[in-house]
Amino acid sequence: MTDLSKIRIIRQAHPDINVHQPFDIAWEYQYGPMEEFQGDMHYALQLCIVLHGSMEVIFSNHRREFSAGQAYWMMFWEPHAFRFTGHRNFAVAINIELDHLGNCDPFGGCDWMLPFVVPPKLRYCPKTSVEKRIFQETGKSLFKTWNSKQANWKQSSWLQIHQLILEALRGLSNINQETGWMSEASNNFIKIKPALDMVRKSSGKPPSLKDASEICCLSQSRFSDVFKHVFHVSFGKFAARARLASAARDLAQNREMIEEIAEKWGFFDNSHFTHAFKALYGCTPKQYRENPT
């Protein structure tokens, strides 16, 4: 079995996402199967829909094959890898800015984040022909609308994206009827969200465990337990990904010295920065700067 840690992580930028455009649409076509996995990680939430063919995806502790009409969900800063396995493959990826997720909902109370934060093996994936058709047709519509950009295309696409999330919530609800884990997952996410916002919006070194637990009004041990339950990694590892992701973005987008970028994101030992960066991205900071995509 391919080890995710051995795959180079390369894709991160979402230049079309901003305060006026809370999502973007990306797509990829591949004729014939891919021999190698392609590593991926995002600053945004992601929903990827297979329109034709099939693809295999490796999550941190899970592996799955997706066929036409099926979809997978990714939390931001969640490393994963994929490869197309069919004859004629086409997939659409919807990248969503977290702060605007659910802003079409005047009622409140809907947990729009849930499909992205449940453990990978429990994340909703269309199974029936009806479910697959909904995702496949909506994915095609989003792809066409993004390219044609006709009147009110942003509003139309934004509503369709949220409709897909509602479909996922319905599917998760059916799985949840006996266990009650949805309510627990939602409550736990609410508890640690202030710390999550601190990490996402920090302009330099992310907050410490002490800072994160205090803003959530939890003890450090309780905060650590809840955070790991939600994101399946420790807070320290999550914050390290955030720092390295921000450093990778700077490497790709500006010409600051590598040492300056390392220090900016809290790595005061260049050898430590290089080692940590290579462990996540499969290459040195210098190599990443030379070939970021």
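It should be emphasised that the depicted structure is a prediction, and the values quoted were computed from it without experimental measurement.

**Let's talk about the overall build of the protein**
Now for step 1: If you tally the helices and strands in the protein, you get 10 helices and 9 strands.
Now for step 2: Relative to the 2.2 N^0.38 estimate, which gives 19 Å for 293 residues, the radius of gyration of the protein is 19 Å and therefore close to what a compact globule would have.
Now for step 3: Dimensions of the protein along its principal axes, counting C-alpha atoms only, are 55 × 45 × 45 Å.
Now for step 4: Residue burial in the protein is summarised as follows: out of 293 residues, 53% are buried.
Now for step 5: Within the protein, contacts between residues separated by at least 24 positions form 74% of all contacts whose residues are at least 6 apart in sequence.
Now for step 6: Distance between charge centroids for the protein: 3 Å, based on 34 positive and 30 negative side chains.

**So, the sheet that holds strand β3 (residues 38-40)**
Now for step 1: Taken in spatial order, the 5 strands make up an open sheet running β1-β3-β8-β5-β6, and their pairing is mixed. Every interior strand has two partners, whereas the edge strands, β1 (9-11) and β6 (63-67), have only one. On average, adjacent strands in this sheet sit at an angle of 40° to one another, irrespective of strand direction.

**Observations concerning helix α6 (residues 220-231)**
Now for step 1: An ideal rise of 1.5 Å per residue puts 16 Å on 12 residues; α6 measures up with 16 Å between its terminal C-alpha atoms.
Now for step 2: Taken together, the buried positions of α6 are Phe223, Val226, Phe227, Val230 and Phe231. Down the axis of α6, the sector holding all buried residues measures 110°, keeping them to one side. Looking at α6, the residues exposed on the side facing more than 90 degrees away from the buried face are Ser221 and Asp225.
Now for step 3: Positive backbone phi, at 65°, marks His232, one or two positions downstream of α6.

**Topic: the side chain of Arg243**
Now for step 1: For Arg243, the location among the structural elements is in helix α7 (residues 235-253).
Now for step 2: Asp269 provides the closest opposite charge to the buried, salt-bridge-free Arg243, at an N-O distance of 12 Å.
Now for step 3: Leave out the neighbours within four places in its chain, and Arg243 touches Lys205, Pro206, Trp265, Gly266 and Phe267.

**Focus: the pairing of strand β5 (residues 54-58)**
Now for step 1: β5 sits mainly inside the fold: 5 of its 5 residues count as buried.
Now for step 2: Burial along β5 is two-sided: Ser54, Glu56 and Ile58 and Met55 and Val57, pointing in opposite directions, are all buried.
Now for step 3: Taken together, the 5 bridges between β5 and β6 define a ladder with antiparallel strand orientation. Directly across from Val57, in β6, lies its bridge partner Arg64.
Now for step 4: Counted along the chain from β5 to the antiparallel partner β6, the turn is 4 residues long.
Now for step 5: Two elements, β5 and strand β8 (residues 80-84), share 4 bridges in a ladder whose sense is antiparallel. Of the residues in β8, the one forming a bridge with Val57 is Phe82.

Reading the values: rules and limits
- Residues numbered from 1 in each chain as written.
- Predicted model: local features only at pLDDT ≥ 70, side-chain atom pairs only at ≥ 80, totals over all residues.
- Heavy atoms only, no water.
- Helix = DSSP H or I, 4+ residues; strand = E, 2+ residues; numbered from the N terminus.
- Rg over C-alpha atoms; globule rule 2.2 N^0.38 Å.
- Buried < 20%, exposed > 50% of the residue type's maximum accessible area, 1.4 Å probe, protein only.
- Contact = heavy atoms within 4.5 Å.
- Lys, Arg positive; Asp, Glu negative; His and termini not counted.
- Charge placed at Lys NZ, Arg CZ, Asp CG, Glu CD.
- Pairing = 2+ DSSP bridges.
- Axes fitted to C-alpha atoms, helices over the stretch in contact; angles between N-to-C directions.
- Expected span 1.5 Å × (residues − 1).
- Arc of directions from axis to C-beta.
- Salt bridge = Lys/Arg side-chain N within 4 Å of Asp/Glu carboxyl O.

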